[in-house]
Amino acid sequence: QVQLVESGGGLVQAGGSLRLSCAASGRTFTLYDMGWYRQAPGKEREFVATISWTGGTTNYLDSVKGRFTISIDNAKNTVYLQMNSLKPEDTAIYYCNALRRAGPIIEYWGQGTQVTVSS
């Protein structure tokens, strides 16, 4: 059974930092891109950052570039999102995602972790 389990969310003041973790289990993720998405109240879920399983390719939402860093520890099957200089508009539920584009598209989601940034 594939599981993506997020942790590390919480309440932080504007300008603060948080590190989210996503522990992946249940299969081999070598051909997957791992990512973080977020959904704020009343808004659609949006892409935040993605990273290839080898860690060689990363992509970021423009509004988080320079503040957020996605990374991966292959030995631990864990993806991280380091979030610095947090802003109130970063408040959302953050979801971990695993997506395989080669061959049949296969996608998995975690249950989400709440990030709240107070002004």
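Residues numbered from 1 in each chain as written. Predicted model: local features only at pLDDT ≥ 70, side-chain atom pairs only at ≥ 80, totals over all residues. Heavy atoms only, no water.

Trainee: What is the right way to read the overall build of the protein chain from this model?
Mentor: Assigned secondary structure in the protein chain consists of zero helices and eleven strands. Helices and strands appear in the protein chain in the N-to-C order β-β-β-β-β-β-β-β-β-β-β. Taking 2.2 N^0.38 as the reference for a compact globule, 119 residues should give roughly 14 Å; the C-alpha atoms of the protein chain span a radius of gyration of 14 Å, in line with that estimate. A principal-axis box enclosing the C-alpha atoms of the protein chain has dimensions of 45 × 25 × 25 Å. Counting only residues that meet the buried cut, the protein chain has 42% of its 119 residues in that class. Looking at the protein chain alone, contacts between residues at least 24 apart form 53% of all its contacts between residues at least 6 apart. Averaging the locations of the 11 positively and 9 negatively charged side chains of the protein chain gives two centres separated by 3 Å. (Helix = DSSP H or I, 4+ residues; strand = E, 2+ residues; numbered from the N terminus. Rg over C-alpha atoms; globule rule 2.2 N^0.38 Å. Buried < 20%, exposed > 50% of the residue type's maximum accessible area, 1.4 Å probe, protein only. Contact = heavy atoms within 4.5 Å. Lys, Arg positive; Asp, Glu negative; His and termini not counted. Charge placed at Lys NZ, Arg CZ, Asp CG, Glu CD.)

Trainee: Can you walk me through the packing of aromatic side chains in this structure?
Mentor: Aromatic ring pairs are defined here through the distance separating the ring centres and the angle between the ring planes. On inspection of all chains with the given rule, the structure shows six aromatic pairs. Ring geometry for F29 and Y32: centres 5.3 Å apart, planes at 70 degrees, overall edge-to-face. Across the pair, Y32 and F29 agree in class, each one buried. Relative to W109, the ring of Y95 has its centre 6.5 Å away and its plane inclined at 85 degrees; by these criteria the two rings are edge-to-face. Taken together, the residues span a long stretch of sequence, with Y95 in strand β9 (residues 92-100) and W109 in strand β10 (residues 106-109) at a distance of 14 residues. Of the residues examined, Y95 reaches a relative accessible area of 11% and is grouped as buried. Grouping aromatic residues by their ring pairs yields a cluster made of F29, Y32, W53 and Y108. The positively charged end of R45 is found above the aromatic ring belonging to Y95, 3.8 Å away from the centroid. (Phe/Tyr/Trp six-rings, centres within 6.5 Å; stacked < 30°, edge-to-face > 60°. Lys NZ or Arg CZ within 6 Å of the ring centre and 35° of its normal.)

Trainee: Would you explain the state of the cysteines in this entry?
Mentor: Note on terminology: disulfide describes a covalent bond linking the sulfur atoms of two cysteines. Summed over the entire model, instances satisfying the criterion amount to one disulfide. Between the sulfur of C22 and that of C96 lies a disulfide, 2.0 Å long from S to S. The sign of the S-S torsion, about -80 degrees, decides the handedness of the disulfide formed by C22 and C96: left-handed. Of the two residues, C22 is situated in strand β3 (residues 18-25) and C96 in strand β9; the sequence distance between them amounts to 74 residues. We classify C96 as buried; its relative accessible area is 0%. (Disulfide = S-S within 2.5 Å.)

Trainee: I would appreciate a short explanation of the sheet that holds strand β1 (residues 3-7) in the present structure.
Mentor: Note on sheets: strands pair through backbone hydrogen bonds, and any given pair is parallel or antiparallel. The four strands are arranged β1-β3-β8-β7 in an open sheet whose pairing can be described as antiparallel. The open sheet has two edge strands with one neighbour each: β1 and β7 (68-73). Direction aside, the axes of adjacent strands within the sheet are offset by 15 degrees on average. Alignment of β7 against strand β8 (residues 78-83), held across six bridges, turns out to be antiparallel. (Pairing = 2+ DSSP bridges. Axes fitted to C-alpha atoms, helices over the stretch in contact; angles between N-to-C directions.)

Trainee: Even after reading the chapter, I still don't get the pairing of β1, so can you show me in this structure?
Mentor: Side-chain direction in a regular strand flips from residue to residue, so the side chains alternate between the two faces of the sheet. Here β1 shows one buried face, formed by L4 and E6, and one open face, formed by Q3, V5 and S7. Pairing geometry for β1 and β3, over five bridges, is antiparallel. Looking across to β3, one finds that S7 is bridged to S21.

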